[in-house]
Amino acid sequence: MDCHKTVFLACLAIFCSSICLVQSTTNDPYIVLGVQKRANLQEIRRAYKQLAKEWHPDKSKQPEAETKFVEIKQAYELLSDSERRRAFDQFGITNEDAVSNRERPDYSSYGRYSDPFEHFYGTHNFNFHDQDISLYHRLSITSKYYDINIVPTSRKTPHILMFYADWCFACMKAANSFKKLIDTLEPYGVIFATVNAGHEEHLVRKVGVHSLPCVILVLDGHSYVYKDSVFNAQHVVDFIRQKLPYKLLMSVRDDTLDSFLGGWSDNRVRALIFEPRPQPRLRYLIIAYYFRERVAFGFVQLNSKDTMRIQSNFKAHTTLDTLLIFNEFPPQPVATVTMSDIPTTTLNNIISLNKYLILPRLSSQAMLDNVCPAEWNRPRKKLCVVLITENTSLHDGARQMLRKISHESLFSRERVRFAYIYQEKQSEFIGALSKFNESQETLLHLVILWRRDSKHIRYEWIHDIMLEMNKTKDNETQDQYFNNTKHKIDIAIHRLLRSSEVLSFETEVKDLLDEHAESMVVRIVNRILMIVEYMMDNIGKEHILPAISVIGTIALILIIGYLMSYLLHLEEEDIQMNKANHMANHPNGKFSSYVPELRLHELRAEKYNGLVRLLKPGCRTIVLLTDMQSRSKLIPAFHKAVWPYRKNKTLMFAHMLIEKGIGWYAELLRLSLSESREMKINPRNCIGTIIALNGHRKYFCMYHAKHPESNRGAKRMIKMTRHLSSMPSDPEAGAFLGMNSSDSETSLSDISEPKILIEENLLDGLPNWLDRLFEGTTHRYYINYWPDFTSK
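Residues numbered from 1 in each chain as written. Predicted model: local features only at pLDDT ≥ 70, side-chain atom pairs only at ≥ 80, totals over all residues. Heavy atoms only, no water.

Moving on: the state of the cysteines. A covalent bond between the sulfur atoms of two cysteines is what we call a disulfide. Scanning the model with the defined rule gives 2 disulfides in all. Here C168 connects covalently by a disulfide to C171, the sulfurs 2.4 Å from one another. Between C168 and C171, the S-S dihedral sits near 75°, and the bridge is therefore right-handed. Summarising the burial analysis for this pair, C168 and C171 share the class buried. One disulfide bridge connects C372 with C384, the sulfur atoms lying 2.0 Å from each other. With C372 in the loop between α17 (365-371) and β10 (383-389) and C384 in strand β10, the pair connects residues that are 12 residues apart, well separated along the chain. (Disulfide = S-S within 2.5 Å. Buried < 20%, exposed > 50% of the residue type's maximum accessible area, 1.4 Å probe, protein only. Helix = DSSP H or I, 4+ residues; strand = E, 2+ residues; numbered from the N terminus.)

Laid out in structure tokens, this is it:
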């Protein structure tokens, strides 16, 4: 009994020790991360990233992935904190629990780990219950929403996107801080949204998200990654200020005030913002960005010696913010707001009501839609009085007269608006209005418009009013014409505003040309600047060497190309010099153009290897078979046929006396026909034969005036020879192949008349055969080896 009890206690002790061993092994952060105890922080971080990617619950399908991921996270948090790591190495402490008989160290920084969002989160311990992560889900958007809504509206309003993931602890930790950022910047006009990186991978790649969480600024259709190591409201404000377009608020001083207020010829009203600080607030920058197409903003620093006259003229308060809006009649502003902090809503309302000049120019379709909006309701017709002018100073008088009429008009701007348009830039629009004009003359004429919809316009012309005013120089006469013109315009407007009145004509128009659109050169320059800015933001030290390598490679290629071009230029100069010397040395003093020489080699035993056996891959030798009697007739014809191919460096041309090479030729035909018997060839019947030899691939192509090869390809050699030998009407048809007609055992039912050829006509079909040779449509006869060339 005691023996059994002893065994039981021993087993229990072993079991308990194994459990403790397993537990200690499981809680050992070095074992969890798979690193040694002397590992540095970089090795620990590298191991953590690798294991986190492998065991992330969104990527791993293992059931224990979530538990394993938490262990990896806890191990990394412990080893990345120097104090906690030292406590574990010395005492085995893995948490903040009290340890008996030991003085408890100060581990208040447990749970913290080094990451770029540390300043953004704060130094408080992480607590899941304090994180309002539902904010991410409420503001979450999709890629489609980004393309349809975020990108277009970012041309007027900055957007900040927070990219997060469901199992991202750092993202959860950033929730409250992100909410504080929203509370701080949203009143300024910044729009916030979130993106779930796990669901919108395409958008993540598109905007260049590098890690989670990630803050992206979307501005004017472009995305900018926030990479600052400190993430608080002030740094984000500085980031937005840096990315906004340059000089949204132009600095205005006493000496530049007049030029700024008088620059309304760009079709924009002027706004001055007074602040008692050296640079404008973000809220004013965002407002200036929103209205930049319609309003030019200037910044006046209060309490500065360079702006004392401006402060005195406009009686600006020295400690309060002030907004002044001006039209074509400075120096009196049309709107004034003075407050310590002007709310964004107030700024929007004031500027929206005064964002157009008294006499704006219809310079784009957006301007037309705002100044002369479409109105279906006839009792509430909205009329637009438009003056047709050109972009010249000669028409300034007419425009100034209409501007004064508009300024003194008693009609509500909700019902009647005055504008002018450039005829040379909006020719299609004005051409549509001139169809029913009696005089067909539109320049310096007035037309009253009523837009039924975006495409259809009803209109009526007022003739010879502004034209006469523009010609008048006398002040008294101008006043008289001004009064008469104003009276006529008022009568016409009163009449047409009646619900029973209908404008005389109707037409369909196209959209106005955008006169403010950027030119191609400007777009290219902006694109280059954007690429440079993107490279400066995204290229780090680890990218410098590859970038230098790429730039160096491109530079080397350009240098080599320049050197080759220079050498080619020198060669051309040398050729020109040789031509000049040739012309000077010519006996008749005349210049004959240089023609490349075509060399015809003679195929003999000593040249056989160079012309056939040792040919480089891709090269061919074209050989003409002649005899002593026919060579004087065939060689000139052969020379003429191959002359167009003289510049081809892969071709060599030769001729062979059949009497000397009859043995080689017979052996060549025997190898191609796989015949074991000796070939009997009549040399006289072989003259005029052309063979194209490919020495490397061991095949040849053949031409003869009586060879039956067609354009679609040749019959097999054996069938051709039998076909030739089966012609009883032409017993010499197959002689050039070494076949006699008596050897044939087949007969053809359809036999054509034999073609009688003389030596002069043997090469008539050679040019056509050469074309098919280089097209690859001629038949090829393959051999196993090239026979020896033995001359007789």
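Grouped together as the largest cluster of nonpolar side chains are 52 residues, with contacts concentrated most on I160, L185, I240, L249, F297 and L323. At 7 residues, helix α14 (residues 282-290) tops the list of elements feeding residues into this core. (Core = buried A, V, L, I, M, F, W, Y, C linked by side-chain atoms within 4.5 Å.)

Inspection of the secondary structure assignment puts C619 in the loop between α24 (608-613) and β16 (620-626). Taking the C-alpha atoms as reference, C619 lies 4.5 Å from T650; in sequence the two are 31 residues apart. Apart from the residues within four sequence positions on either side, C619 is in contact with T650, L693, N694 and G695. (Contact = heavy atoms within 4.5 Å.)

Further remarks concern unusual backbone geometry. For the bond running from L212 to P213, omega is -5°, close enough to zero to count as cis. By the secondary structure assignment, P213 is in the loop between α11 (201-207) and β3 (214-219). Put simply, P330 and P331 share a cis peptide bond, and its omega is 10°. Note that P331 resides in the loop between β8 (321-326) and β9 (335-339).

Read from one edge to the other, the open sheet built from 5 strands follows the order β5-β7-β6-β8-β9, with strand pairing classed as mixed. Taken across any chain shown, the strands that pair with only one partner, and hence form the sheet edges, are β5 (249-251) and β9. With strand direction ignored, the average angle separating the axes of adjacent strands in the sheet is 20°. Across 5 bridges, the pairing between β8 and β9 is antiparallel. Opposite L324, over in β9, you have T336 as the bridge partner. Taken strand by strand, α14 contacts β5, β6 (269-275), β7 (295-301) and β8, and its axis lies near 115° from that of β5. Across the sheet, helix α16 (residues 344-353) touches β7, β8 and β9, and the angle it forms with β8 is around 15°. (Pairing = 2+ DSSP bridges. Axes fitted to C-alpha atoms, helices over the stretch in contact; angles between N-to-C directions.)

With that out of the way, let us pick up the sheet that holds strand β18 (residues 690-694). Within the open sheet, the 6 strands sit side by side as β15-β17-β16-β18-β19-β20. Their pairing is mixed. With one partner strand each, in any of the chains shown, β15 (600-602) and β20 (781-782) form the two edges of the open sheet. In this sheet, β20 lies alongside strand β19 (residues 699-703) in antiparallel orientation, the contact comprising 2 bridges. Along β20, the bridge assignment pairs Y699 with Y782.

Across the 7 residues of strand β13 (residues 456-462), 6 count as buried, placing the element largely inside the fold. As paired strands, strand β12 (residues 446-451) and β13 are joined by 6 bridges and run antiparallel to one another. Within the sheet, the bridge partner assigned to I448 lies in β13 and is E460.

Below, the discussion takes up a nonpolar patch on the surface. A surface patch of nonpolar side chains, about 640 Å² in accessible area, is lined by I559, Y562, L563, Y566, L567 and L570. Along the chain, Y562 falls in helix α23 (residues 541-585). (Patch = residues over 30% accessible without salt bridge, like charges linked within 9 Å, V, L, I, M, F, W, Y side chains within 5 Å. Areas by Shrake-Rupley, 256 points an atom, 1.4 Å probe, with all protein chains shown as cover. Salt bridge = Lys/Arg side-chain N within 4 Å of Asp/Glu carboxyl O.)

Structurally, L657 is set in strand β17 (residues 651-657). For the pair formed by L657 and M628, sequence separation is 29 residues and the distance between their alpha carbons is 7.0 Å. The residues touching L657, leaving out its near neighbours within four places in the chain, are E602, T626, D627, M628 and R631.

This brings us to the packing of helix α4 (residues 65-80) against helix α5 (residues 82-91). Between α4 and α5, the shortest axis-to-axis distance is 5 Å and the interhelical angle comes to 95°. As the angle between them shows, α4 and α5 are arranged roughly perpendicular. Between α4 and α5, the residues in contact are E77, L78, L79 and S80 and S82, R84, R85 and F88, respectively. Of the residues belonging to the contact of α4 with α5, the class tally is 3 nonpolar, 2 polar and 3 charged. (Parallel < 35°, antiparallel > 145°, perpendicular 65-115°, else oblique. Nonpolar A, V, L, I, M, F, W, Y, C, P; charged D, E, K, R; others polar.)

Examined against the element boundaries, T157 turns out to sit in the loop between α8 (143-153) and β1 (159-164). Here T157 falls in the buried class, since its relative accessible area comes to 12%. Contact partners of T157, with chain neighbours within four places excluded, come to G189, I191, V218, Y289 and Y290.

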